[in-house]
Amino acid sequence: MKSVPLDASCWFIYPELAHEGLGIVLLEALACQTPIVSVDCPGGVRDIMKGELEAYLCEMTPEALAARVDGILEADGYAIDERWLERFSPAHITSAFLQEMPVS
């Protein structure tokens, strides 16, 4: 099987059917301007796919995933909004971490 760089991909379909800690591959795909589709598996996928991105989640069945992909293909895909990644920027993560630190 030939490996294709993520930034050359047209789509990133994430069919995880067990448990996903964060789903960093979803963030990486978005950062490369690659549309994503994911099943709604337990774990961190919903931490990433909030707001407008929820439209690209589906139930954890092959039929639901195929239907979601078909619907998005019929709509000719979607544009990536850079604001979807802001919650995961180093500045935002650092700020949130520092707010949680106890002050001595």
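Refer to the structure printed above.
From a predicted model like this one, the values you see are computed outputs, not experimental measurements. (Residues numbered from 1 in each chain as written. Predicted model: local features only at pLDDT ≥ 70, side-chain atom pairs only at ≥ 80, totals over all residues. Heavy atoms only, no water.)

(A) The sheet that holds strand S1 (residues 12-14), seen in detail. Spatially, the three strands line up as an open sheet ordered S1-S2-S3, and their pairing is parallel. Each edge of the open sheet is held by one strand with a lone partner, namely S1 and strand S3 (57-58). Where strand S2 (residues 36-39) and S3 come together, two bridges link them in parallel fashion. Within S3, the residue paired with Ser 38 across the bridge is Leu 57. (Pairing = 2+ DSSP bridges. Helix = DSSP H or I, 4+ residues; strand = E, 2+ residues; numbered from the N terminus.)

(B) Spotlight on the packing of aromatic side chains. Scanning the model with the defined rule gives two aromatic pairs in all. Ring plane angle 10 degrees and centroid distance 3.7 Å describe the contact between Tyr 56 and Tyr 78, whose orientation is recorded as stacked. Of this pair, Tyr 56 sits in the loop between helix H2 (45-48) and S3 while Tyr 78 sits in the loop between helix H3 (62-74) and helix H4 (90-100), and the two are 22 residues apart along the sequence. An identical accessibility class is assigned to Tyr 56 and Tyr 78; each is buried. Among the aromatic side chains, those forming a connected cluster through ring pairs are Tyr 56, Tyr 78 and Trp 84. (Phe/Tyr/Trp six-rings, centres within 6.5 Å; stacked < 30°, edge-to-face > 60°. Buried < 20%, exposed > 50% of the residue type's maximum accessible area, 1.4 Å probe, protein only.)

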